[in-house]
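Listed below, chain by chain, are the residues.
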Amino acid sequence: MADLTLDLQLLTQLKEDLTAIVKEFKNADDFSDAVADATGHDGLHGHVRDFAHKWNDKRKKMTGNVEALQKQIGAISDGFTHVDSQLAKALEDARTEHVNQKVQAR
């Protein structure tokens with residue numbers, strides 16, 4: 001039988017990191033427009049804005065993928081936390097029952 005080891009803190013941190021990435025991606029439109037406005041050169045301004053808006057479609061797709069991954073990581077973390085809690089409770093219940101049986105046998 002193989003042992004399964006899972007670092008739930010690491011999964012929680014990963015979920016939080018993915019949340020931060022999604023937030024940055026969603027706020028990138030405002031940032032890219034501000035950068036384009038700050039170039040001070042009409043030709044460069046247009047190229048920066050054009051690049052930023054072409055990147056929007058790719059970023060939206062990536063944002064959706066990162067959000068899906070974030071949800072999956074959350075479900076894995078929640079699921080294993082629940083299972084771990086249930087197993088711990090079952091072990092504690094079995095221990096208590098065993099102790100009670102010993103006391104009654106005396």
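See above for the structure.
Reference entry: report on the structure contained in this document. Along each chain, the written sequence defines residue order, and numbers are assigned to residues from 1. Where local features are concerned, this predicted model is filtered to residues with pLDDT of at least 70; where side-chain atom pairs are given and counted, the filter is 80 or more; whole-chain, interface and lining totals use all residues. Only heavy atoms go into the side-chain values, all of them from the structure, while hydrogens and water stay out.

1. Re the overall build of the protein
Counting its regular elements, the protein contains 2 helices and 0 strands. In terms of overall dimensions, the protein is more spread out than a globule: its C-alpha atoms have a radius of gyration of 26 Å, far above the 13 Å expected for 106 residues. Buried residues in the protein amount to 14% of all 106 residues. At a minimum sequence separation of 6, the contacts of the protein that also span at least 24 residues come to 70%. All accessible areas in this document rest on Shrake-Rupley with a 1.4 Å probe, and a residue is counted as covered only by the protein chains that are shown. Here the protein has roughly 8,600 Å² of accessible surface; of this, 58% comes from carbon and sulfur atoms. Charge assignment in this entry is limited to Lys and Arg as positive and Asp and Glu as negative, and neither His nor the chain termini are counted. For the purpose of locating charges, the reference atoms are NZ of Lys, CZ of Arg, CG of Asp and CD of Glu. The averaged location of the 18 negative side-chain charges in the protein is 4 Å from the averaged location of its 14 positive side-chain charges. Strands here are runs of E lasting at least two residues and helices are runs of H or I lasting at least four, both read from the DSSP assignment and numbered beginning at the N terminus. Just to be clear, the radius of gyration here is over C-alpha atoms, and the globule rule we use is 2.2 Å times residues to the power 0.38. Exposure classes here rest on a 1.4 Å probe applied to the protein chains alone. A residue is buried below 20% of its type maximum, exposed above 50%, and partly exposed in between. When checking whether two residues touch, look at their non-hydrogen atoms; a contact exists if any pair is within 4.5 Å.

2. Thoughts on a nonpolar patch on the surface
Residues L4, L6, I76 and F80 make up a contiguous nonpolar surface patch of about 360 Å² in total accessible area. In this fold, I76 is placed in helix 2 (residues 42-105). According to the relative accessible area criterion, I76 is partly exposed, its value standing at 38%. Grouping into patches uses exposed residues only, defined as over 30% relative accessible area, and leaves out salt-bridged ones; the cut-off is 9 Å for like charges and 5 Å for nonpolar side chains (Val, Leu, Ile, Met, Phe, Trp, Tyr). We count a salt bridge whenever a side-chain nitrogen from Lys or Arg sits within 4 Å of a carboxyl oxygen from Asp or Glu.

3. Regarding the pattern of salt bridges
Opposite charge on two side chains allows them to pair when their charged atoms are near. Summed over the entire model, instances satisfying the criterion amount to 4 salt bridges. Of the charged contacts, one joins K26 and E67 as a salt bridge, the two residues approaching to 2.8 Å between their closest N and O atoms. Of this pair, K26 sits in helix 1 (residues 8-38) while E67 sits in helix 2, and the two are 41 residues apart along the sequence. A residue is classified by how much of its surface remains accessible, and K26, at 52% relative accessible area, is exposed. E67 sits in the partly exposed class, given a relative accessible area of 24%.

4. Points about helix 2
Look at helix 2: 91 Å from first C-alpha to last across 64 residues, which is about the 94 Å you get at 1.5 Å a residue. Along helix 2, the helix axis deviates most sharply at N56, where the bend reaches about 30°. What helix 2 keeps buried is the set A52, N56, R59, T63, V66, Q70, I73, G74 and S77. A helix's residues, less one, multiplied by 1.5 Å, set its expected span. The reported bend at a residue is simply the angle between two axes, fitted to the 7 residues ending at it and to the 7 residues beginning with it.

5. So, the environment of F51
Along the chain, F51 turns up in helix 2. Residue F51 is classed as exposed on the basis of its relative accessible area of 57%. The spatial distance from the C-alpha of F51 to the C-alpha of A75 is 36 Å, given a sequence separation of 24 residues.

6. Things to note about the nonpolar core
Among the nonpolar cores identified, the biggest contains 5 residues, and these are L11, L18, V22, V66 and I73. Elements with a contribution of two residues or more to this core: helix 1 and helix 2. With 3 residues, helix 1 is the largest single contributor of residues to this core. Excluding its chain neighbours within four sequence positions, the residues that come into contact with I73 are L11, L14, K15 and L18. Buried Ala, Val, Leu, Ile, Met, Phe, Trp, Tyr and Cys residues form a nonpolar core when they are joined through side-chain atoms within 4.5 Å.

Read these as spatial facts, not as claims about activity.
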